[in-house]
Amino acid sequence: MSAPDLRAPDRHAPDLRADAPLAPPAPRHPAAADGPPPRQRPARRRRGVIFRLARFFFVLGLVGLLGAAVAGYGLYRHVAADLPDYRWLADYQPPQMSRIYAADSRLLAELAAERRVFVPIEAIPPRLAQAFVSAEDQRFWEHHGVDPIGILRAVVTNIEQYGTGRRLGGASTITQQVAKNMLVGADRTMTRKLREAILAVRIEEALPKERILEIYLNEIFLGAQAYGVAAAAQAYFNKGLDELTVGEMAFLGALPKAPNNYNPVRYPEAARSRRDWVLDRMAEDAAISPEEAQAAKAEPIIPRPTRRPEVVQVGQHFTEEVRRELISRFGQDQTVQGGLVVRTSLDPALQAATETVLRHGLMAFDRRRGGWRGPVAQITAGRTEWMPQLEAVQRPGGALPEWRLAVALEVRDREARLGWVERPDPRGASQPRTGTLHLENLGWARRVLGEGRLGAAPRRMQDVLAPGDVVMVETVAAAQSGGQSGGQPGRAAPPERLALRQIPQVEGAVVALDPGTGRVLAMAGGWSFDKSQFNRATQALRQPGSAFKPFVYLPALEAGIPPNQRFLDGPIEIATPQGIWRPTNYSGGGHGYVSIRTALEKSLNLVTVRVAQQIGMDRVSDAAARFGVIPNMPRYLAMSLGSGETTVLRMAAGYAGFVSGGRQVVPTLIDSVQDQRGRVIWRSDQRGCTGCGAAAPARGPGAEPPELTDERRQITDPIAAYQMVNILQGVVQRGTGTRAGQGLNRPVAGKTGTTNDYVDNWFVGFTPDIVIAVWLGYDEPRSLGNGETGGQNAAPIFHDVLEAALRGSPPVPFRAPPGVALVRMTTEGGATIMEAFQPGTENSAHAPGDHAPATATGLDSGLGGLY
């Protein structure tokens, strides 16, 4: 059965079927006879029109899309053409301050162009890093620089918040923020956003996620002048990263959006709300549990003001020398921006004692030879108006912290009343204080007459002070006030007893070092770093005088000449291109034939010149170079009396060569330097260690310690070095340096030095544990005064520094090397000593013209013994 034809029949067509009934003709429309029938649009034509329109719009859209793609590609090429190079981020190290530490790990100084603290990603607590990821870029570990889902979320959020007045949120990923902060800047333009997105994709291709996060966490600004999480932890909580609580980590993670708006001091509620939001996000990301989030929300945000680490208040000359060495070794940028951790050899306790002793020595000399040079300034000493005038007087550079500027208010014959201003609270009001200065303590305050001459001791207070004179004073003791130093506001405290002070013109320097390693334990480069940054211990070239003589006699000992060999101490004339040179002894006369020992103990110039003549100045110059005292020393006989130039540090290192068994001692101030990742990049101690390190076998309680291999260069024979040590002990026991060892009850050796016209004073001495070199003189060389010698001025300073260095430690004898012959002998002064000889030279000494050997009362071929 066929399907019926459902098409509508044409009413104008005849029905041709056979069985079709005859139908009457259709009636005609009345208007049909007058014209054609009305036209109607076919459905097929309507569909064609729609199709053509759709095709038109499709082509138009395709062309527009292609045009947009071409325009977008052109814009991309235009923007990408001048993009900054991003590959340097792989090796980027943010600028951060370097720190210099003393031997006891106390901070000496911070060197910085910017106060930053860099922390490698390995040292950042994972929860802290996740706090920033949860707050700033939840899909950080999944996207490739740009987060389309985040962009869509931000668009929806901004549409919802449109018109509310809120700032529209962004969709920048952490990588984009790194690109913005490090490469493209922060201008709010679409071009910048496009550059930022392109760079973010490229950075993701070049760097691992961990490196990107490390840069971000160390560079992000978090308010309170803090860049990076470590600086922020210190600024807000005064903590290290490993000390932060979960709540504090979340607070730091809340800061990048608007650090100033979430300051916990100014906006505590906003800070708390934002922190809680970050905690919720961390819980959502499973970084913390919901219970931990709730517990952290219950914590209050308690900001704690940052406390700068306490800095050692001594050793500024030492620290400046370290800074110069760092710049020389690593360059300026690496020194102040490389985050170096510098461990030095400075002993702060010994350094403080050294500076105090040197200042006392300089003040003692200044009182004896310098006289009173007058007041600092002059003001009107009225009843009330003196306070603002005194506060306006500039404090002299070099004034010690305990000194005060005071004005003479009233001057009587035997005493003067002085006033000064004190401010107990830095933010409080100034308070007047008064004290008395007594004439009986001013015997040293003689007027300077010029050309080194001083007037008579003052007989009246008016010889020293006049009303209105501004001077420096120090409180000696409280008057009858029960020892109280404070006062009530608006009322002057009871008068205190004062001592007059002035800054010495004479200068000095001290170096103390360990002869076993060369580590400099203390260094004073002058009276005060505030007065002068010039380091007289390392930068001042001065004549060593008689302190150089051991380097003249050492070559004689190396050549086998025994210490008891006698030379003529008598007049000598040397022909020079400038004429006849006639050296003399300090005492003027001669002593006939004397031994090398006696010549050194009494510092006899005539014997020294004769010894230099006999062994030759080539050997003397070579010895000075080997010990690092005077490199390339001219070979003139006058040099044997110390007319060359050297530094205090070089002299200390040179004498250390004697006590170290003849090995070269190179002075060092820096023990080690670490970079910002903790890797040791330089170390001064190059000794090998047998049995050290992680691979060394475990040692039991009774096992021997690891052995250090001394690889220092041998610069003289150990026996000759010990002979010199033995002779220099005599200098301290019987010679010109007796003040250096008085009351110490331990073996001490050393040598005094005084140059022509008493311009320079020296004492360089040592024990088995420490070497100390002391120098005194004027910066512009001139005489210290007739009779001012190293034994009188420098030796007492050496004594006090040594006493401070070895206080509480037992005496240690000098160790004799294997092979040395120790012979009991009687000196020319009648003292019984143990003289040290090279093997076979015990009876070889004789005076010229007298070939009878010296008599030995006992022989001890001490192999490695102690003396």
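Quantities reported herein were computed from a predicted structural model and do not represent experimental measurements.

Draft legend 1. Local environment of empty space enclosed by the protein. This structure, assessed with the given rule, holds 1 cavity of 30 Å³ or more. The volume enclosed by the largest cavity comes to roughly 50 Å³. What lines the largest cavity is M363, D366, R367, W444, L500, R501 and Q502. Taken together, the elements giving at least two residues each to the lining of the largest cavity come down to α13 (348-370) and β11 (496-501). If you tally residues by element for the lining of the largest cavity, the top one is α13, at 3 residues. For the lining of the largest cavity, the class distribution of residues is 3 nonpolar, 1 polar and 3 charged.

Draft legend 2. Seen up close, helix α19 (residues 648-659). Helix length check: α19, at 12 residues, gives a terminal C-alpha distance of 17 Å against a target of 16 Å (1.5 Å per residue), a fit within 8%. Along α19, 11 of the 12 residues are buried, which leaves the element largely enclosed by surrounding structure. Those residues of α19 that fall on the buried side of the exposure criterion are V648, L649, M651, A652, A653, G654, Y655, A656, G657, F658 and V659.

Draft legend 3. A look at a nonpolar patch on the surface. Side chains of V49, L53, F56, F57 and L60 sit close together on the surface and give an oily, nonpolar patch of about 500 Å² of accessible area. Along the chain, the position of F57 falls in helix α1 (residues 43-81).

Draft legend 4. Broad picture of the nonpolar core. Ranked by size, the top nonpolar core spans 88 residues in total, and within it V511, F548, Y655, F658 and F766 carry the most contacts. The contacts of V511, once residues within four sequence positions are left out, are V520, A522, M523, A537, V648, L649, A652, V771, I772 and A773. Grouped together as the second largest cluster of nonpolar side chains are 64 residues, L362, A740, L776 and L784 included.

Draft legend 5. Structural context of the layout of surface pockets. The computed volume of the second largest pocket comes to approximately 720 Å³. Lining the second largest pocket we find 29 residues, and of these S546, N585, Y586, N605 and T754 sit closest to its centre. Of the residues that constitute the lining of the second largest pocket, the class distribution is 7 nonpolar, 19 polar and 3 charged.

Rules used in this analysis
Residues numbered from 1 in each chain as written. Predicted model: local features only at pLDDT ≥ 70, side-chain atom pairs only at ≥ 80, totals over all residues. Heavy atoms only, no water. 1 Å grid on protein atoms, 1.4 Å probe; cavity = no way out; pocket = protein on both sides within 12 Å on 5 of 7 lines; lining within 4 Å. Points joined across faces, edges and corners; volume = space filled by probe spheres on them. Helix = DSSP H or I, 4+ residues; strand = E, 2+ residues; numbered from the N terminus. Nonpolar A, V, L, I, M, F, W, Y, C, P; charged D, E, K, R; others polar. Expected span 1.5 Å × (residues − 1). Buried < 20%, exposed > 50% of the residue type's maximum accessible area, 1.4 Å probe, protein only. Patch = residues over 30% accessible without salt bridge, like charges linked within 9 Å, V, L, I, M, F, W, Y side chains within 5 Å. Areas by Shrake-Rupley, 256 points an atom, 1.4 Å probe, with all protein chains shown as cover. Salt bridge = Lys/Arg side-chain N within 4 Å of Asp/Glu carboxyl O. Core = buried A, V, L, I, M, F, W, Y, C linked by side-chain atoms within 4.5 Å. Contact = heavy atoms within 4.5 Å.

These values are about where atoms sit, not about what they do.
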